[in-house]
Amino acid sequence: MSEQQEQSSSDTLASADTLTTDIAIVGGGMVGAALASLFACANPRWSITLIEAFPLPTEDAPAYQPSYDDRSTAIAHGSVALLQQVGVWETLSQYATPIEQVHVSDKGHVGGAVIDRHKVGVDALGYVVPNAWIGRVLIRHLQTLPNITLLSPAKVNKLTPVADGARLQIQAEGQESTLHTQLAVIADGAHSRLRASLGIDVDIQDYRQTAIIANIGLAQPHQGVAYERFTDEGPMAMLPLGGSVDGRTCALVWTQPTEQAEEVLSLPDEEFLTRLQQRFGFRLGQLTGVGKRDSYPLTLSVAKEQIRSSLVVMGNAAHFLHPVAGQGFNLAVRDCAALAATLAQAGDRPLGSLSLLQAYWQQQELDQQATIHFSDQLTKLFTSSKLPQAALRGLGFVGLECVPPAKQWLTLQTMGKASRQVML
Ligand SMILES: Cc1cc2nc3c(=O)[nH]c(=O)nc-3n(C[C@H](O)[C@H](O)[C@H](O)COP(=O)(O)OP(=O)(O)OC[C@H]3O[C@@H](n4cnc5c(N)ncnc54)[C@H](O)[C@@H]3O)c2cc1C
């Protein structure tokens, strides 16, 4: 945060009772920050306040923040177009690795599907960007926008709906203050306390799987190939990193049955690499090193309500997906763009008007259902021993290669282009 913004944040907190904003976003993770920049692009006259519990990353101090950890994100073609529109893609692309091909395969079955950017006629099928870099670039961008106020570290302890909007109780530096907003967006993550405090239920399906992530060193360049490999223990992905096709590092997402994840996490580096090489094979040659490992228990969690008058639930707080198909952030970006574009049509209506929010929801409901179904079914198809799934699985990706519409469908999903995307 710049000195000027730090000053203005603490000033506003001091005069707590009178603080008002048009839009308050709770949670400055990848989705909250992306949403703030899309809102600012949609209408520079809206005042937007972003409240984040952890210190936000800065140039000199990339402090720990849950969203901007050691993971990397596959950003789909469609999301890149939106990030270009808000003006952050040029900087983000400095550490973005283009995906030239996606290889999908099923351990123990012949064949595999290859999606090639040349055949699709695009520069890249998507890009892989380290989350820490996404955080730094988004926050730095927000700091340059005059209509954005960043409150961090500051925590929203309570959200109360009121007649003309919502009231937020914020705690920062031991002080409590109140913020009035026309529209409150809850983007405080999968275990959203605010969502729960408002009585919004969540449908939860436990996959009993845990994703282990780490950066993996390679003996040879990855050539921009992203691998999705399905195994009986769960899917694994190796995404190309390093900013170019010559890179020799991949971002691993290795799904394990939860009961064995702890053991794999604690293996010495050499044993970890040997186990990984056994599961993944030699498609990328010899695996030479492993960075810091982390783990994420996997569920499919979907909020049963995402809009109320003056309230929207977004990002992981709205839907937490299995990471197998790299859809969670990309879906959230489409939600954010649709919300920003709908609010831009508000005219004289308050930004929290229920009819506006219903229009947003009508636009995104189908996209959410289709994307959630896609990642959920993909996960189940390749880990299930039930008969219909096992039979389909037996066809392997040979079947997929032989049926052009099926392959086209997989390609569009992978690129985040299966659903209509709103531009600002
Ligand atoms: C292993 C893995 C790999 C993934 N890979 C991909 C991929 O390749 N492509 C893709 O599209 N998606 C991917 N995803 C999904 C993607 O990471 C999520 O969609 C994204 O992180 C969601 O961000 P969020 O901002 O909604 O939530 P979070 O990242 O959880 O952020 C929530 C923020 O809210 C803050 N907060 C919480 N409570 C409060 C409060 N009361 N007051 C103020 N602040 C608060 C927290 O500090 C946090 O910063 C992956 C997920 C996993 C687990």
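Criteria and thresholds
- Residues numbered from 1 in each chain as written.
- Predicted model: local features only at pLDDT ≥ 70, side-chain atom pairs only at ≥ 80, totals over all residues.
- Heavy atoms only, no water.
- Near = heavy atom within 4 Å.
- Polar contact = N/O pair within 3.5 Å; in protein donor to acceptor, adjacent residues only side chain to side chain.
- Areas by Shrake-Rupley, 256 points an atom, 1.4 Å probe, with all protein chains shown as cover.
- Helix = DSSP H or I, 4+ residues; strand = E, 2+ residues; numbered from the N terminus.
- Nonpolar A, V, L, I, M, F, W, Y, C, P; charged D, E, K, R; others polar.
- Axes fitted to C-alpha atoms, helices over the stretch in contact; angles between N-to-C directions.
- Parallel < 35°, antiparallel > 145°, perpendicular 65-115°, else oblique.
- Left-handed = near helix turned anticlockwise from the far one by under 90°.
- Contact = heavy atoms within 4.5 Å.
- Pairing = 2+ DSSP bridges.
- Core = buried A, V, L, I, M, F, W, Y, C linked by side-chain atoms within 4.5 Å.
- Buried < 20%, exposed > 50% of the residue type's maximum accessible area, 1.4 Å probe, protein only.
- Salt bridge = Lys/Arg side-chain N within 4 Å of Asp/Glu carboxyl O.

A. Representation of the site of the ligand in the model. Around the ligand, the surrounding shell holds 31 residues, and the nearest of these are Glu 52, Gln 65, Ser 67, Ala 74 and Asn 316. Ser 67 places a polar side-chain atom, nitrogen or oxygen, 2.5 Å from an oxygen atom of the ligand. One nitrogen or oxygen atom from the main chain of Phe 329 is found 2.9 Å from an oxygen atom belonging to the ligand. Here the ligand has 1,000 Å² of accessible area as a free molecule, and 92% of this is covered by the chains. Elements that contribute at least two residues to the shell around the ligand include exactly α2 (30-42), β3 (72-76), β9 (155-162) and α10 (328-343). No other element matches the three residues that α10 contributes to the shell around the ligand. Classifying every residue of the shell around the ligand gives 15 nonpolar, twelve polar and four charged.

B. Seen up close, the packing of α2 against α10. In contact at an axis separation of 9 Å, α2 and α10 are set at 30 degrees when each is read in the N-to-C sense. As summarised for this structure, α2 and α10 are arranged roughly parallel, according to the angle between their axes. The chirality of how α2 crosses α10 is right-handed. Residues Met 30, Val 31, Ala 34, Leu 35, Leu 38, Phe 39 and Ala 42 of α2 form the contact with α10, whose own contacting residues are Phe 329, Ala 332, Val 333, Cys 336, Ala 337, Leu 339, Ala 340 and Leu 343. Partitioning the contact of α2 with α10 into residue classes produces 15 nonpolar, no polar and no charged.

C. Main features of the pairing of β9. Of the strand pairs in this sheet, β9 and strand β10 (residues 165-172) are connected by seven bridges, and their pairing is antiparallel. Bridge pairing links Leu 159 to Leu 168 in β10. Joining the antiparallel neighbours β9 and β10 is a turn of two residues.

D. Highlighting the packing of α2 against helix α6 (residues 131-143). Where α2 contacts α6, the axes come no closer than 10 Å and their chain directions differ by 35 degrees. Considering the relative orientation of α2 and α6, their crossing is left-handed. For the pair α2 and α6, contact is made by Met 30, Ala 33, Ala 34, Ala 36 and Ser 37 and by Asn 131, Ile 134, Leu 138, Ile 139, His 141 and Leu 142, respectively. In terms of residue class, the contact of α2 with α6 is built from eight nonpolar, three polar and no charged.

E. Structural view of the nonpolar core. Judged by nonpolar contacts, the single largest core of 59 residues is most densely connected at Ile 23, Ile 25, Phe 39, Met 314 and Leu 343. Counting residues per element, this core draws most heavily on α10, at ten residues. Ignoring anything within four residues of it in the chain, the contact list for Met 314 reads Val 31, Leu 35, Val 185, Ile 186, Ala 187, Asp 335, Cys 336, Leu 339 and Tyr 360.

F. View of the pattern of salt bridges. Scanning all chains against the criterion turns up eleven salt bridges. The closest approach of N and O atoms between Asp 70 and Lys 292, which form a salt bridge, is 3.3 Å. Pair noted here: Asp 70 is in the loop between β2 (48-51) and β3 and Lys 292 is in the loop between β16 (287-290) and β17 (294-303), with a separation of 222 residues, a long-range link. Given the relative accessible area of 38%, Asp 70 is considered partly exposed. The exposure class assigned to Lys 292 is exposed, which follows from its relative accessible area of 53%. Of the charged contacts in the structure, one is a salt bridge between Arg 293 and Asp 269, with a shortest N-O distance of 2.6 Å. Here the residue Arg 293 occupies a position in the loop between β16 and β17, and Asp 269 occupies one in helix α9 (residues 269-280), the gap between them amounting to 24 residues. Taking relative accessible area as the criterion, Asp 269 reaches 42% and is therefore assigned partly exposed. Connected via shared salt-bridge partners are Asp 70, Lys 292 and Asp 294.

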